[in-house]
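Each chain, written out:
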Amino acid sequence: IILLVVLIAYPFGVALFLSVSDRVIAKADTGNFVGMANFIKLVNDSIFRQTVVNTLNYALVSVLFKLVLGMLMALVLNEITIFKNFFRGILLLPWIVPTSLSALGWLWMFDSQYSIFNRILLDAGVIENKIVWLGTPFLAMFSVQVVNIWRGIPFFGISLLAGLQTIPQDLYEAAEIDGASSWSRFWHVTTPLLMPVTVVVTLFSIVQTFADFQIVYVLTRGGPVNSTHLFATLAHQVAILAGQLGEGAAISLFMFPVLVIAVILQLRYLQNI
């Protein structure tokens, strides 16, 4: 209870208080009550509207690919019997390494002058000129999504692998005796029995991805032209860099209703399984 109050309830209460005030860093007072003025201002702000689109694009695309590739990873690991602990440990590294550290490595790989991707593509004759990965809106969003997917696949893979190992092998043997193909066994045996784990892992990933900060901040700072700003990075820019604590808190709270709805829908689904 103490941990929940100190680490969740109190910060959330402070954010609510700041979001309805005009508090700024430069002033010593707590600011004046402005009601919904900060939220109304954000709705009319083109940069914030672009941030909403960016966040939805970033989160939904990343979670979808993490789920698909994580499932493939789990299925492969479930079939490995030799050095299985070694392979599981190696494939967990992207998730274990601190995000800011791995993002710095990706920043070098995406560098417009020294990018290893550009070198490979140039040597293979695929491109004639170097690609500025973080210099255009589409490629910048694509790049940060690639990094997020790379980092999140092990979380899905290991979690789904744990779920796979709880499925009785008798069900697969019975399905195989009945003439079911590999795809049929996966679709009619694996998928339904793995669904509770899949829903929970997807829920956690959606929450984490919506609140992502480090990857985008290290790689693009929300640029170019605000094309990769997420709720967290825009809130940091407005609250910390610009000093508008009230508006920054309002930005951070805009994602809260979306996450609450996602949690409620998935919990109801779990209760009906």
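Figured I'd write up the structure that's included with this text. (Residues numbered from 1 in each chain as written. Predicted model: local features only at pLDDT ≥ 70, side-chain atom pairs only at ≥ 80, totals over all residues. Heavy atoms only, no water.)

**Brief notes about the side chain of S115**
Point 1. By secondary structure assignment, the location of S115 is in the loop between α5 (99-109) and α6 (116-123).
Point 2. A distance of 3.2 Å separates a polar side-chain atom of S115 from the backbone nitrogen of F117.
Point 3. Not counting residues up to four positions away in its chain, the partners in contact with S115 are W108, M109, F110 and W133. (Helix = DSSP H or I, 4+ residues; strand = E, 2+ residues; numbered from the N terminus. Polar contact = N/O pair within 3.5 Å; in protein donor to acceptor, adjacent residues only side chain to side chain. Contact = heavy atoms within 4.5 Å.)

**Some thoughts on the packing of aromatic side chains**
Point 1. Going through the model one piece at a time under the given rule, you end up with 16 aromatic pairs.
Point 2. Each residue in the set W106, F110, F117, W133 and W150 is aromatic and connected to the rest through ring pairs, giving one cluster.
Point 3. Between R221 and the ring centre of Y217, over which it is positioned, the NZ or CZ distance is 4.2 Å. (Phe/Tyr/Trp six-rings, centres within 6.5 Å; stacked < 30°, edge-to-face > 60°. Lys NZ or Arg CZ within 6 Å of the ring centre and 35° of its normal.)

**Here we look at the environment of V61**
Point 1. Structurally, V61 can be placed in helix α3 (residues 46-79).
Point 2. Residues V61 and L164 lie 103 residues apart in sequence; the distance between their C-alpha atoms is 24 Å.

**Comments concerning the pattern of salt bridges**
Point 1. Under the definition given, this model contains 2 salt bridges.
Point 2. Residues E247 and K41 are paired through a salt bridge, measuring 2.6 Å at the closest nitrogen-oxygen approach. Residue E247 is located in helix α12 (residues 245-253), and its partner K41 is located in helix α2 (residues 37-43); the two are separated by 206 residues in the primary sequence.
Point 3. Judged by relative accessible area, E247 falls into the buried class, the value being 16%.
Point 4. For K41, a relative accessible area of 48% translates into the label partly exposed. (Salt bridge = Lys/Arg side-chain N within 4 Å of Asp/Glu carboxyl O. Buried < 20%, exposed > 50% of the residue type's maximum accessible area, 1.4 Å probe, protein only.)

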